[in-house]
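One-letter residues, chain by chain:
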Amino acid sequence: GCGVAVIIAVFFYVGQFLFTNPLGWVLMIGGVTALIASSVVRKKNNQLKLIESLENSAQILDDMVAGKAATLDVGFSLQKGEKLIYALPTVALTEYQSTGSTYSGGSVGVSFPLVGSIRGNVGGQSGQITKNPEQLMIVDQGRAIFTDQRIIFSGAKLVRDWDLDKAIEVAPGPNGFNVRIAVSNRERTSGLQALTAFEFGPGFAAAYVFTLHTQGAAEAKKWANDLTKRMREGAASERAKLPQQAI
(Lines give C-alpha, C1' and ligand atoms only; values in the text may rest on other atoms or scores of the structure.)
Protein backbone atom coordinates (compact mmCIF):
# COMPACT_ATOMS: atom_id res chain seq x y z
CA GLY A 1 0.00 0.00 0.00
CA CYS A 2 2.82 2.40 0.86
CA GLY A 3 4.58 1.56 -2.40
CA VAL A 4 1.46 2.34 -4.44
CA ALA A 5 1.01 5.62 -2.58
CA VAL A 6 4.61 6.63 -3.34
CA ILE A 7 4.18 5.81 -7.05
CA ILE A 8 0.93 7.82 -7.21
CA ALA A 9 2.63 10.75 -5.48
CA VAL A 10 5.58 10.65 -7.89
CA PHE A 11 3.26 10.62 -10.92
CA PHE A 12 1.26 13.50 -9.42
CA TYR A 13 4.28 15.75 -8.85
CA VAL A 14 5.87 14.87 -12.20
CA GLY A 15 2.58 15.60 -13.98
CA GLN A 16 2.18 18.86 -12.08
CA PHE A 17 5.71 19.89 -13.10
CA LEU A 18 5.15 19.01 -16.78
CA PHE A 19 1.89 20.94 -17.06
CA THR A 20 2.78 24.02 -14.98
CA ASN A 21 6.44 24.60 -15.91
CA PRO A 22 7.59 25.81 -19.39
CA LEU A 23 10.54 23.44 -19.21
CA GLY A 24 8.08 20.64 -18.52
CA TRP A 25 6.25 21.37 -21.77
CA VAL A 26 9.55 21.29 -23.66
CA LEU A 27 10.43 17.94 -22.10
CA MET A 28 6.97 16.52 -22.79
CA ILE A 29 6.96 17.62 -26.45
CA GLY A 30 10.51 16.32 -26.88
CA GLY A 31 9.54 12.98 -25.36
CA VAL A 32 6.49 12.60 -27.59
CA THR A 33 8.56 13.54 -30.67
CA ALA A 34 11.21 10.98 -29.74
CA LEU A 35 8.57 8.27 -29.29
CA ILE A 36 7.04 9.03 -32.69
CA ALA A 37 10.45 9.06 -34.40
CA SER A 38 11.39 5.78 -32.72
CA SER A 39 8.11 4.21 -33.87
CA VAL A 40 8.71 5.36 -37.47
CA VAL A 41 12.25 3.96 -37.49
CA ARG A 42 11.10 0.67 -35.98
CA LYS A 43 8.34 0.34 -38.58
CA LYS A 44 10.78 1.04 -41.44
CA ASN A 45 13.28 -1.50 -40.08
CA ASN A 46 10.57 -4.14 -39.82
CA GLN A 47 9.54 -3.40 -43.41
CA LEU A 48 13.13 -3.87 -44.58
CA LYS A 49 13.39 -7.14 -42.63
CA LEU A 50 10.12 -8.36 -44.17
CA ILE A 51 11.31 -7.52 -47.69
CA GLU A 52 14.61 -9.32 -47.10
CA SER A 53 12.79 -12.30 -45.58
CA LEU A 54 10.40 -12.64 -48.54
CA GLU A 55 13.20 -12.40 -51.10
CA ASN A 56 15.40 -14.84 -49.17
CA SER A 57 12.55 -17.36 -48.76
CA ALA A 58 11.77 -17.16 -52.48
CA GLN A 59 15.41 -17.87 -53.33
CA ILE A 60 15.57 -20.87 -50.97
CA LEU A 61 12.45 -22.35 -52.57
CA ASP A 62 13.99 -21.78 -56.02
CA ASP A 63 17.07 -23.72 -54.85
CA MET A 64 14.88 -26.58 -53.61
CA VAL A 65 13.16 -26.85 -56.99
CA ALA A 66 16.55 -26.72 -58.74
CA GLY A 67 17.79 -29.61 -56.58
CA LYS A 68 20.54 -27.70 -54.83
CA ALA A 69 21.02 -29.91 -51.79
CA ALA A 70 21.77 -28.41 -48.38
CA THR A 71 24.81 -29.57 -46.43
CA LEU A 72 24.24 -32.31 -43.88
CA ASP A 73 25.91 -32.09 -40.49
CA VAL A 74 28.51 -34.68 -39.60
CA GLY A 75 26.93 -37.70 -37.91
CA PHE A 76 23.65 -37.68 -39.84
CA SER A 77 23.05 -40.17 -42.63
CA LEU A 78 20.12 -40.72 -44.97
CA GLN A 79 18.38 -44.00 -45.64
CA LYS A 80 19.07 -45.91 -48.84
CA GLY A 81 17.39 -44.15 -51.76
CA GLU A 82 16.47 -41.10 -49.68
CA LYS A 83 17.15 -37.65 -51.17
CA LEU A 84 18.00 -34.58 -49.12
CA ILE A 85 15.85 -31.54 -49.95
CA TYR A 86 16.69 -29.00 -47.25
CA ALA A 87 18.26 -28.67 -43.80
CA LEU A 88 17.49 -26.10 -41.11
CA PRO A 89 20.32 -25.78 -38.55
CA THR A 90 18.18 -24.15 -35.84
CA VAL A 91 14.48 -24.78 -35.27
CA ALA A 92 12.10 -25.38 -32.36
CA LEU A 93 10.12 -28.58 -31.75
CA THR A 94 6.53 -27.93 -30.64
CA GLU A 95 4.16 -30.40 -28.97
CA TYR A 96 0.87 -30.26 -27.10
CA GLN A 97 1.40 -30.56 -23.35
CA SER A 98 -0.74 -30.16 -20.25
CA THR A 99 -0.43 -26.93 -18.27
CA GLY A 100 -1.55 -28.58 -15.03
CA SER A 101 -4.89 -28.75 -13.23
CA THR A 102 -7.40 -26.29 -11.77
CA TYR A 103 -9.36 -26.73 -8.54
CA SER A 104 -12.88 -25.34 -8.29
CA GLY A 105 -15.47 -25.63 -5.54
CA GLY A 106 -15.78 -24.98 -1.81
CA SER A 107 -15.92 -26.53 1.63
CA VAL A 108 -18.79 -28.70 2.88
CA GLY A 109 -17.35 -28.87 6.40
CA VAL A 110 -18.70 -27.37 9.63
CA SER A 111 -16.81 -24.56 11.38
CA PHE A 112 -16.97 -24.17 15.18
CA PRO A 113 -15.22 -21.96 17.79
CA LEU A 114 -12.24 -23.34 19.73
CA VAL A 115 -10.56 -20.66 21.83
CA GLY A 116 -11.20 -16.93 21.36
CA SER A 117 -11.12 -16.07 17.64
CA ILE A 118 -9.61 -19.45 16.64
CA ARG A 119 -12.06 -21.76 14.87
CA GLY A 120 -11.91 -25.41 13.91
CA ASN A 121 -13.34 -27.20 10.88
CA VAL A 122 -14.52 -30.73 10.22
CA GLY A 123 -15.77 -32.11 6.94
CA GLY A 124 -14.51 -32.23 3.38
CA GLN A 125 -14.41 -30.32 0.10
CA SER A 126 -17.20 -30.11 -2.47
CA GLY A 127 -14.94 -28.99 -5.33
CA GLN A 128 -13.20 -30.94 -8.05
CA ILE A 129 -9.85 -30.94 -9.83
CA THR A 130 -10.07 -30.39 -13.59
CA LYS A 131 -7.18 -30.98 -15.96
CA ASN A 132 -6.41 -27.87 -18.03
CA PRO A 133 -6.59 -28.10 -21.85
CA GLU A 134 -3.29 -28.95 -23.52
CA GLN A 135 -1.41 -26.14 -25.24
CA LEU A 136 1.13 -26.13 -28.06
CA MET A 137 4.50 -25.43 -26.45
CA ILE A 138 8.17 -25.36 -27.46
CA VAL A 139 9.76 -28.47 -25.92
CA ASP A 140 13.22 -28.53 -27.54
CA GLN A 141 15.52 -26.81 -30.03
CA GLY A 142 17.72 -28.42 -32.64
CA ARG A 143 18.06 -29.04 -36.38
CA ALA A 144 15.53 -30.24 -38.93
CA ILE A 145 16.17 -32.30 -42.05
CA PHE A 146 13.67 -32.41 -44.92
CA THR A 147 13.93 -35.24 -47.43
CA ASP A 148 11.67 -36.71 -50.09
CA GLN A 149 10.59 -39.38 -47.58
CA ARG A 150 10.78 -37.90 -44.07
CA ILE A 151 11.00 -34.85 -41.86
CA ILE A 152 13.48 -35.38 -39.03
CA PHE A 153 14.12 -33.29 -35.92
CA SER A 154 17.23 -33.83 -33.80
CA GLY A 155 17.47 -31.73 -30.66
CA ALA A 156 19.33 -31.51 -27.38
CA LYS A 157 16.76 -33.73 -25.63
CA LEU A 158 14.35 -35.16 -28.19
CA VAL A 159 14.32 -36.78 -31.62
CA ARG A 160 11.29 -36.90 -33.92
CA ASP A 161 10.98 -38.73 -37.24
CA TRP A 162 7.87 -38.02 -39.31
CA ASP A 163 7.42 -40.54 -42.13
CA LEU A 164 5.64 -38.81 -45.02
CA ASP A 165 3.96 -42.11 -45.95
CA LYS A 166 2.14 -41.95 -42.59
CA ALA A 167 1.39 -38.21 -42.66
CA ILE A 168 -2.31 -37.42 -42.24
CA GLU A 169 -1.91 -33.64 -42.22
CA VAL A 170 0.93 -31.20 -42.81
CA ALA A 171 -0.41 -27.73 -41.97
CA PRO A 172 1.96 -24.74 -42.41
CA GLY A 173 1.19 -21.59 -40.45
CA PRO A 174 1.15 -17.99 -41.76
CA ASN A 175 4.32 -17.05 -43.69
CA GLY A 176 5.67 -20.57 -43.13
CA PHE A 177 6.68 -19.59 -39.57
CA ASN A 178 5.59 -22.97 -38.20
CA VAL A 179 4.01 -26.27 -39.23
CA ARG A 180 1.78 -28.84 -37.51
CA ILE A 181 2.36 -32.46 -38.47
CA ALA A 182 -0.07 -35.29 -37.74
CA VAL A 183 0.97 -38.86 -38.50
CA SER A 184 -0.99 -42.08 -38.16
CA ASN A 185 1.54 -43.83 -35.88
CA ARG A 186 1.59 -41.07 -33.24
CA GLU A 187 -1.29 -39.98 -30.97
CA ARG A 188 -0.20 -36.37 -30.49
CA THR A 189 0.12 -33.72 -33.16
CA SER A 190 3.53 -32.06 -33.06
CA GLY A 191 5.47 -29.74 -35.29
CA LEU A 192 8.28 -27.29 -35.94
CA GLN A 193 8.61 -23.54 -35.49
CA ALA A 194 11.13 -20.89 -36.53
CA LEU A 195 13.00 -19.17 -33.72
CA THR A 196 12.53 -15.66 -35.14
CA ALA A 197 9.81 -14.06 -37.24
CA PHE A 198 11.92 -13.07 -40.26
CA GLU A 199 13.86 -16.28 -40.97
CA PHE A 200 12.95 -18.99 -43.47
CA GLY A 201 10.32 -21.02 -41.68
CA PRO A 202 9.97 -24.81 -41.51
CA GLY A 203 6.39 -24.51 -42.80
CA PHE A 204 7.59 -23.76 -46.34
CA ALA A 205 10.06 -26.66 -46.41
CA ALA A 206 7.54 -29.11 -44.91
CA ALA A 207 4.83 -28.13 -47.39
CA TYR A 208 7.22 -28.52 -50.31
CA VAL A 209 8.48 -31.99 -49.36
CA PHE A 210 4.94 -33.16 -48.54
CA THR A 211 3.70 -31.96 -51.96
CA LEU A 212 6.73 -33.56 -53.62
CA HIS A 213 6.12 -36.86 -51.85
CA THR A 214 2.36 -37.06 -52.39
CA GLN A 215 1.88 -35.35 -55.77
CA GLY A 216 5.22 -35.57 -57.53
CA ALA A 217 7.93 -33.20 -58.73
CA ALA A 218 5.80 -31.36 -61.30
CA GLU A 219 3.11 -30.37 -58.77
CA ALA A 220 5.72 -29.47 -56.16
CA LYS A 221 7.49 -27.21 -58.65
CA LYS A 222 4.18 -25.59 -59.63
CA TRP A 223 3.31 -24.99 -55.96
CA ALA A 224 6.74 -23.51 -55.22
CA ASN A 225 6.79 -21.28 -58.32
CA ASP A 226 3.36 -19.87 -57.49
CA LEU A 227 4.45 -19.16 -53.92
CA THR A 228 7.76 -17.53 -54.89
CA LYS A 229 5.94 -15.34 -57.41
CA ARG A 230 3.61 -14.06 -54.68
CA MET A 231 6.56 -13.60 -52.30
CA ARG A 232 8.44 -11.42 -54.77
CA GLU A 233 5.31 -9.44 -55.60
CA GLY A 234 4.78 -8.86 -51.88
CA ALA A 235 8.40 -7.77 -51.44
CA ALA A 236 8.11 -5.36 -54.38
CA SER A 237 4.88 -3.92 -52.96
CA GLU A 238 6.49 -3.33 -49.56
CA ARG A 239 9.60 -1.81 -51.16
CA ALA A 240 7.42 0.68 -53.08
CA LYS A 241 6.01 1.96 -49.78
CA LEU A 242 9.46 2.87 -48.42
CA PRO A 243 10.92 6.38 -48.70
CA GLN A 244 13.34 6.63 -51.63
CA GLN A 245 16.40 7.01 -49.37
CA ALA A 246 15.58 3.76 -47.54
CA ILE A 247 15.61 1.63 -50.72
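Since this is a predicted model, take the numbers as computed values, not measurements.

Draft legend 1. Expanded view of the overall build of the protein. Each helix and strand counted, the protein has four helices and eleven strands in total. Going through the 247 residues of the protein one by one, you find that 31% of them count as buried. Considering only contacts within the protein whose residues lie at least 6 apart along the sequence, 59% involve residues at least 24 apart. As presented, the protein carries roughly 15400 Å² of accessible surface, and 58% of it is formed by carbon and sulfur atoms.

Draft legend 2. Here's a closer look at helix α4 (residues 217–241). With 25 residues, α4 extends 36 Å between its outermost C-alpha atoms, agreeing within 8% with the 36 Å of an ideal straight helix rising 1.5 Å per residue. Along α4, the residues that are buried comprise Ala220, Ala224, Leu227, Thr228, Met231, Ala235 and Glu238.

Draft legend 3. The arrangement of the pattern of salt bridges in detail. Counted by the stated rule, this structure contains ten salt bridges. We note a salt bridge from Glu82 to Arg150, for which the minimum N-O separation is 2.9 Å. Placement of the pair is Glu82 in the loop between α2 (22–66) and β1 (84–97) and Arg150 in strand β7 (residues 150–155), with a sequence separation of 68 residues. Taking relative accessible area as the criterion, Glu82 reaches 8% and is therefore assigned buried. The class for Arg150 is buried, based on a relative accessible area of 9%. Across the pair Asp226 and Arg230 runs a salt bridge whose closest N-O atoms are separated by 3.2 Å. Highlighted residues: Asp226 and Arg230, both in helix α4, separated by four residues, approximately one helical turn. A residue is classified by how much of its surface remains accessible, and Arg230, at 46% relative accessible area, is partly exposed.

Rules used in this analysis
Residues numbered from 1 in each chain as written. Predicted model: local features only at pLDDT ≥ 70, side-chain atom pairs only at ≥ 80, totals over all residues. Heavy atoms only, no water. Helix = DSSP H or I, 4+ residues; strand = E, 2+ residues; numbered from the N terminus. Buried < 20%, exposed > 50% of the residue type's maximum accessible area, 1.4 Å probe, protein only. Contact = heavy atoms within 4.5 Å. Areas by Shrake-Rupley, 256 points an atom, 1.4 Å probe, with all protein chains shown as cover. Expected span 1.5 Å × (residues − 1). Salt bridge = Lys/Arg side-chain N within 4 Å of Asp/Glu carboxyl O.

Read these as geometric descriptors, not functional statements.
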